[in-house]
Amino acid sequence: MFDAGAFADDQLEKIKARIKDGKAIIACSGGVDSVVCAVLASKAIGDRLLAVFVDTGLMRKGEPEQVRDMLREMNVNFKILNEEDYFLDGLEGITDPEKKRKVIGERFIRCFEKEARAFGAKYLVQGTIAPDVIESGAGGKGLVKSHHNVGGLPEDMDLELVEPVIDLYKEEVRQVARHLGIKVSERQPFPGPGLSVRCLGEVTKESIEIVREACHIVEDEIQKASKDGKMDLPWQYFAALIPVRSTGVRNGERMYGRTVAVRAVLTKDAISATPARIPYEVLESISNRITGTLGDKVTRVVYDVTSKPPATIEWE
C-alpha cells in the first residue's frame, strides 16, 4: 500500500541530496502535481527555490490570480511571468496537436532558462507524473501524445531536471497533497499546454477566449449540480472548441457559429476512462448558458460520450 508520508519524507531527502547547496526553479502551474513538488522542494531547500508561474494566455479563467494567492499563502518564493504574446505568436498557423505541444514545451523551457540564469539556478523541478511519461512513448512504449514536459522538451535544454513525483499516478499525488495539507489536492487535472489542446485547429486569441469561457461554464454548472446532489463530481470535466461551424438562428436572424463539445470522464489512473453520465437537465443548463453567454459565436453544443480508449481524455 502506498504510504504518502513515507514518500514525502523520502523525496525531501532525495531533493536535498540532489540539489545540495545549489538553487532551483520550479515550473508551477497551480495544479496538484506541480504544487506538491513546489511544497516538497521548498521544504527541502527553502528560499533557494523559485517557483515560476508562466501566464501563457492559455490558462483557465482567473487562474493567474488564484495561483498568486495560493503561493503567497504557502510562503513559497515565486514569480509570475506574463508571456501571452510569446506563446500565441509561436502557435500562429499551427494546427497539428503534436506541433502545438512541442512549441509550447520549448517556449516554457526558454522562459525557465531565462529565469534560472537570473536566479542562479542549475535545476528545474517539474511535476511530471507516470501517465505523462507513458503517453509520451518513453521507455520504448508507443507514443499516444507528447506531453509538453516530456516529449516537448528541447534537446539543447541547459537545466537539470528534478521530478519528485514521476513514478506516481494522480491518485497517489493527491494522497501526498492531502498529507502535506495542500488545498488543491482534489483539483481536477488541467493539461500542461493549457487551452491550446482544447482549441482544435489554429489557436487564436478569440478562440481561446471562447473556450476559456465555455470551460468556466462547464466547471461551474457541474460543480453546482454536484453540490445540489444531482450528480457525483467527475474526475475531469471541461469544454473543447472544435473546428466545425453550423447554422443557427437568434431573434429570427441567421447565425453561422462555432461548436463546443462538453467532455466529462470517470477514471482512477487516467490510463483508461469512461464518460460520466451527466443528467440531461445539467447538460441543458450548460448548453443554454454557453450559447447565451457567447452570443452568436457559438451555435451548437454537443456532449462527448467516448471512452478512453479509443479516445484520449483531452481532445488533443
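Preceding this section is the structure that the text describes.
Residues numbered from 1 in each chain as written. Predicted model: local features only at pLDDT ≥ 70, side-chain atom pairs only at ≥ 80, totals over all residues. Heavy atoms only, no water.

Visitor: Help me out: how do you make sense of the overall build of the protein chain in this one?
Guide: Scanning the protein chain from terminus to terminus reveals nine helices and nine strands. The C-alpha radius of gyration of the protein chain comes to 20 Å, within 12% of the 20 Å expected for a compact globule of 316 residues. Residue burial in the protein chain is summarised as follows: out of 316 residues, 53% are buried. Taking the contacts inside the protein chain whose residues are at least 6 apart along the sequence as the reference set, 75% of them involve residues at least 24 apart. Positive and negative side-chain charges of the protein chain, numbering 45 and 50 respectively, have mean locations separated by a distance of 1 Å. (Helix = DSSP H or I, 4+ residues; strand = E, 2+ residues; numbered from the N terminus. Rg over C-alpha atoms; globule rule 2.2 N^0.38 Å. Buried < 20%, exposed > 50% of the residue type's maximum accessible area, 1.4 Å probe, protein only. Contact = heavy atoms within 4.5 Å. Lys, Arg positive; Asp, Glu negative; His and termini not counted. Charge placed at Lys NZ, Arg CZ, Asp CG, Glu CD.)

Visitor: Help me out: how do you make sense of the pattern of salt bridges in this one?
Guide: In this structure the tally under the stated criterion is 25 salt bridges. For R198, the salt bridge goes to E314, with nearest N and O atoms at 2.8 Å. With R198 in the loop between α7 (170–180) and α8 (205–227) and E314 in the segment after β9 (298–303), the pair connects residues that are 116 residues apart, well separated along the chain. Across the pair, exposure class does not vary: R198 and E314 are buried alike. Residues D220 and K224 are paired through a salt bridge, measuring 3.9 Å at the closest nitrogen-oxygen approach. Here the residue D220 and the residue K224 both occupy positions in helix α8, the gap between them amounting to four residues, near one helical turn. Residue D220 is classed as partly exposed on the basis of its relative accessible area, which comes to 24%. (Salt bridge = Lys/Arg side-chain N within 4 Å of Asp/Glu carboxyl O.)

Visitor: Mind showing me how you'd approach the nonpolar core here?
Guide: Soluble globular proteins tend to pack their nonpolar side chains together in the buried interior. I25, V36, V54, F112, V165 and I290 are the most contacted members of the largest nonpolar core, which has 95 residues in total. It is helix α2 (residues 32–45) that contributes the most residues to this core, ten residues altogether. (Core = buried A, V, L, I, M, F, W, Y, C linked by side-chain atoms within 4.5 Å.)

Visitor: Honestly, the environment of Y256 in this entry has me stumped. Any pointers?
Guide: In this fold, Y256 is placed in strand β7 (residues 253–266). Taking the C-alpha atoms as reference points, Y256 and S246, separated by ten residues in sequence, lie 5.5 Å from one another. When near neighbours in sequence (up to four residues on either side) are disregarded, Y256 contacts R245, S246, T247 and T299.

Visitor: Can you help me understand unusual backbone geometry in this one?
Guide: Both trends apply: most residues other than glycine have a negative phi, and most peptide bonds are in trans. Along the chain, K308 connects to P309 via a cis peptide bond; the corresponding omega equals -15°. Mapped onto the fold, P309 is located in the segment after β9. A cis amide bond, omega 15°, links P309 with the succeeding residue P310. Even without being glycine, K20 reaches a positive phi, approximately 55°. By secondary structure assignment, the location of K20 is in the loop between α1 (4–19) and β1 (24–27). Residue class for K20 comes out exposed when judged on its relative accessible area of 58%. Here the phi dihedral of N75 falls at roughly 60°; this positive angle occurs in a residue that is not glycine.

Visitor: When you look at the environment of D21 in this model, what are you seeing that I'm missing?
Guide: Locating D21 in the fold gives a position in the loop between α1 and β1. Take D21: its relative accessible area is 73%, and that puts it in the exposed class. Separated by 27 residues in the primary sequence, D21 and R48 place their C-alpha atoms 8.4 Å from one another.

Visitor: For this particular structure, what's the right way to read the sheet that holds strand β4 (residues 123–125)?
Guide: Strand-to-strand pairing in sheets goes through backbone hydrogen bonds, with the strands running parallel or antiparallel. Taken in spatial order, the five strands line up as β3-β2-β1-β4-β5 in an open sheet, and their pairing is parallel. Lying at the two open borders of the sheet, with one neighbouring strand each, are β3 (78–82) and β5 (160–162). Neighbour-to-neighbour, the strand axes of the sheet open up by a mean angle of 30°, direction not taken into account. Two strands pair when backbone bridges link them, and β1 and strand β2 (residues 49–55) are joined in this way by four bridges, in the parallel orientation. Bridge assignment links A24 to a residue of β2, and that residue is L49. Lying over the sheet, α2 contacts β1, β2 and β4, oriented at roughly 165° with respect to β1. (Pairing = 2+ DSSP bridges. Axes fitted to C-alpha atoms, helices over the stretch in contact; angles between N-to-C directions.)

Visitor: It is not clear to me how the packing of aromatic side chains should be interpreted in this structure. Could you clarify?
Guide: Where two aromatic rings form a pair, the distance of their centres and the angle of their planes describe that pair. Applying the stated rule across the entire model yields four aromatic pairs. A centroid spacing of 5.6 Å and a plane angle of 80° characterise the contact between Y86 and F87, whose relative ring orientation is edge-to-face. Looking at F87, the relative accessible area reads 1%, which means it is buried. Over the face of the ring belonging to Y86 we find R107, whose NZ or CZ atom lies 4.4 Å from the ring centre. (Phe/Tyr/Trp six-rings, centres within 6.5 Å; stacked < 30°, edge-to-face > 60°. Lys NZ or Arg CZ within 6 Å of the ring centre and 35° of its normal.)

On their own, these measurements won't tell you what the molecule is for.
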